[in-house]
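So the chains spell out like this:
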Number of protein chains: 4
Amino acid sequence: MNDSRTRILDAAEALFAETGYEATSTARIALAAEVPKGLLFHYFPQKLDVLLTLIDERTAIEEPPEEPLPPDPAGALRRLASRLPLRASPSMRRILFREADTHRTARERITALNRELVRRARRALELTLPGARGDAARLEVAAATFAAVLLYQENLFHLTGDRIDPDALADLITRALM
Amino acid sequence: MNDSRTRILDAAEALFAETGYEATSTARIALAAEVPKGLLFHYFPQKLDVLLTLIDERTAIEEPPEEPLPPDPAGALRRLASRLPLRASPSMRRILFREADTHRTARERITALNRELVRRARRALELTLPGARGDAARLEVAAATFAAVLLYQENLFHLTGDRIDPDALADLITRALM
Amino acid sequence: MNDSRTRILDAAEALFAETGYEATSTARIALAAEVPKGLLFHYFPQKLDVLLTLIDERTAIEEPPEEPLPPDPAGALRRLASRLPLRASPSMRRILFREADTHRTARERITALNRELVRRARRALELTLPGARGDAARLEVAAATFAAVLLYQENLFHLTGDRIDPDALADLITRALM
Amino acid sequence: MNDSRTRILDAAEALFAETGYEATSTARIALAAEVPKGLLFHYFPQKLDVLLTLIDERTAIEEPPEEPLPPDPAGALRRLASRLPLRASPSMRRILFREADTHRTARERITALNRELVRRARRALELTLPGARGDAARLEVAAATFAAVLLYQENLFHLTGDRIDPDALADLITRALM
DNA sequence: TATGAATGAGCTTTCATTCAT
DNA sequence: AATGAATGAAAGCTCATTCAT
């Protein structure tokens, strides 16, 4: 139901990801969505509302899952690395990172994502390396580093082309704490 | 001499950094540079040329310095972290990262920066940790991780607000290799 | 209905005829048509489309009529001369000839007009001068000459101011073939 | 001597012929002439002066030659047809005809050319067909027709592509008067 | 909801022309 | 005579947005 609205958002998602928000005209969105130009403004009074709606409805920071973590630190980090706690299509991820510079809403999502990622990494390390708890500061740095690399990959990998193997990363971080 | 051209580039640099390339009109650039609109196109036939010229003339990947590295790995990494091998103002850095998604020239600079950064980190670790040379793969991951965090900071720090202490990072990486 | 589009074409037709395509600005067309500047580009994405549409919609090469020709050659040519097989206003005719040099579409129309004109003249002479059929080459030259003078008048008369009387022309051509 | 001025005129001649006066910018002329933009305006205060100078200096209507005409009418016309009494390069001829619609100076040259052409044709026919002198009106039409076809060829031949053989034309006109 | 014509501000770019050197 | 930076009006065109139907 409400086919048009969805088609508009689909088209905008694809175009924003490819060309960027500013360089995408509402006319092009309507054309790609096969919807009359006027209808776009029926659902989204301003062009900006299309972007905000996309971020609002098509990106979400996930809660940590219920399943128990693997007992070893490398395994725990590896599982974390296997999937960012961000429910969003590849297109939406690109949009989120690209527009974060200029749009608060996108920036807030990324901040939340970063925070959640660090929190999970910290918790995973705390649980699997009880001995390391003594040095809380070092553990924090390890968690932040882990999160930074994952977000770096998400954001800049398609630019630099070099990818860090998640397993090797998990292994590296673990070693630093033992 | 050639005051106007410089003023145009200065104005563009500031505005592109603040608002992004697409959202900055040539009229605003000319106004900020206090030159007539037409003059901008005398020096830069297309708006895009302003951006490309900025990247070309105001960003450069530095060659590694001559000075000897500190003998300890943490110290060597720390010195590396203290300054990216990128000769560019803070504004130009923002522009470089923001436009990398859509402009090949910017993307190539970042790729080169990443490569140079990894190369230096690798070399620093090889020289200061001769024993680690045995495990080349792990050393490579360590170098890449180090570079990733530095670029992540450069790119996303002003978004997430969390900063990883470079000294602690250097320490962490070093530990993982011992 | 669709008043604006027609008004734009009307205004363009008048202005192109008077000043030429290149020297007529879209702003002047919109002003003369009493429509906002933007609307012109709603109907015609490029300025050139206005010209091409005019040529396409407002000039047409006519098919020969059904009515029987007068039995005598001079009469037959005279009727031909009385009306070019070109359905187009005087303004459109001027535009067609003036822009033929630089626009293929206009050139093609004139070529078609020339061909049709020669074809009709040849046929008129063949039918009314059965005896002349023997010298096909001379008849062809006569037809081509007749067509050339008519198109010359159309194109250059308002320049030179001298007009050849069509009846006298028909008479002259006929005499040459007897 | 005065190389620059000549180079500007040469470049303008080529460009006006190819693209038309309006569509040729002074910058393009200067570029093609390999002359600084400012210099053009030193020699020609206005762009229009370039065109007027070209017409003034590089087109001229020729006086009739001294040599005696061939004694037969077809031969006399044939010689006339072999060369228009217009001293001008092919480029200048195109410019003359193309700009005649909008520039009085060009129009006046063509009018003069037409008049001279008719005058010569009339005189040729009078001299070689003394018997025809009786019907002055018919002779006038013949001369005008002859001139019209020659100018038509000059102006529209490269458009329609069909060329009337001058010998056959001379023959046709002659026959009509006998 | 749906439609696409209408609007006008603003965009990038072009241009003829000026002028200090 | 030579030069190219400077000027600003105006060009073609794009755009988000409105609105009558």
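Above: the structure in question.
None of these values were measured; they are calculated from a predicted model. (Residues numbered from 1 in each chain as written. Chains lettered and ligands numbered in written order. Predicted model: local features only at pLDDT ≥ 70, side-chain atom pairs only at ≥ 80, totals over all residues. Heavy atoms only, no water.)

Q: Quick rundown of the overall build of chain A? Include the residues and the values.
A: Along its length, chain A carries nine helices and two strands. By principal-axis analysis of the C-alpha atoms, chain A measures approximately 65 × 35 × 25 Å. Among the 178 residues that make up chain A, the fraction classed as buried is 49%. In chain A, 70% of the contacts between residues at least 6 apart in sequence involve partners at least 24 apart. Accessible area of chain A: about 8,400 Å², with a carbon and sulfur share of 51%. Distance between charge centroids for chain A: 1 Å, based on 25 positive and 26 negative side chains. (Helix = DSSP H or I, 4+ residues; strand = E, 2+ residues; numbered from the N terminus. Buried < 20%, exposed > 50% of the residue type's maximum accessible area, 1.4 Å probe, protein only. Contact = heavy atoms within 4.5 Å. Areas by Shrake-Rupley, 256 points an atom, 1.4 Å probe, with all protein chains shown as cover. Lys, Arg positive; Asp, Glu negative; His and termini not counted. Charge placed at Lys NZ, Arg CZ, Asp CG, Glu CD.)

Q: How would you explain the interface of chain A and chain B if you had to name every residue and give the values?
A: The interface is formed by 39 residues belonging to chain A together with 38 residues belonging to chain B. For the chain A and chain B pair, buried surface summed over both sides reaches about 3,400 Å², with 61% attributable to carbon and sulfur atoms. Broken down residue by residue, the surface that chain A buries against chain B is led by R98, D101 and L172 of chain A, which jointly contribute 19%. Our count for the contact surface shared by chain A and chain B stands at eight salt bridges. Run the count over chain A and chain B and you get 10 residue pairs in polar contact (both at pLDDT 80 or more). A total of 14 residues in the side of chain A that touches chain B trace back to one element, the largest contributor, which is helix α8 (residues 136–160) of chain A. Here the residues of the side of chain A that touches chain B are counted per class, giving 20 nonpolar, eight polar and 11 charged. (Buried area = accessible area lost by both parts, 1.4 Å probe. Salt bridge = Lys/Arg side-chain N within 4 Å of Asp/Glu carboxyl O. Polar contact = N/O pair within 3.5 Å; in protein donor to acceptor, adjacent residues only side chain to side chain. Nonpolar A, V, L, I, M, F, W, Y, C, P; charged D, E, K, R; others polar.)

Q: Quick rundown of the interface of chain C and chain D? Include the residues and the values.
A: Facing the 38 residues of chain C at the interface are 39 residues of chain D. Here chain C and chain D share an interface that buries about 3,400 Å² over both sides, 61% of which is from carbon and sulfur atoms. On the chain C side of the interface with chain D, the three residues burying the most area are R98, D101 and L172 of chain C, jointly 19% of the side's total. Its salt-bridge partner being D101 of chain D, residue R94 of chain C comes within 3.5 Å of it at the nearest N-O pair. Counting across the interface, chain C meets chain D through eight residue pairs in polar contact (both at pLDDT 80 or more). Top contributing element to the side of chain C that touches chain D by residue count: helix α8 (residues 136–160) of chain C, with 14 residues. Residues of the side of chain C that touches chain D, tallied by class, amount to 20 nonpolar, eight polar and 10 charged.

Q: Can you tell me about the relation of the copies chain C and chain D, naming the residues and giving the values?
A: The transform that puts chain C on chain D rotates by 180 degrees and translates by 0.1 Å along the axis, for an RMSD of 0.1 Å. Expressed as a symmetry operation, the mapping of one chain copy onto the other fits a two-fold axis. Of every C-alpha in chain C, the one belonging to A176 of chain C sits nearest the axis of rotation, 1.9 Å from it. Here 100% of the interface residues in chain C have copies in chain D that are interface residues too; the copies meet face to matching face. (Least-squares fit on C-alpha atoms with pLDDT ≥ 70 in both.)

Q: Help me get a handle on the relation of the copies chain A and chain B, residues and values and all.
A: Rotating chain A by 180 degrees and moving it 0.0 Å along the rotation axis overlays it on chain B with an RMSD of 0.1 Å. A symmetric contact is evident, with 97% of the interface residues of chain A recurring at the interface of chain B.

Q: Residues and numbers for helix α8 (residues 136–160) of chain B, please.
A: At E154 of chain B, α8 of chain B shows its maximal kink, close to 50 degrees. The buried fraction of α8 of chain B amounts to 18 of the 25 residues, a majority that puts the element mostly inside the structure. (Bend = angle between axes of the 7 residues up to and from the residue.)

Q: I'd like a description of the protein's contact with DNA strand F, backed by residues and values.
A: Lining the immediate environment of DNA strand F, one finds 25 residues, of which T26 and F41 of chain A, H42 of chain B, K47 of chain C together with H42 of chain D sit closest. For DNA strand F, the backbone makes up 68% of the atoms found within 4 Å of the protein, where backbone means sugar plus phosphate. G38 of chain D has a polar backbone atom sitting 3.4 Å from a base nitrogen of DNA strand F. Elements with a minimum of two residues in the surface near DNA strand F: α3 (37–43) of chain B, α3 (37–43) of chain C together with α3 (37–43) of chain D. (Near = heavy atom within 4 Å.)

These values are about where atoms sit, not about what they do.
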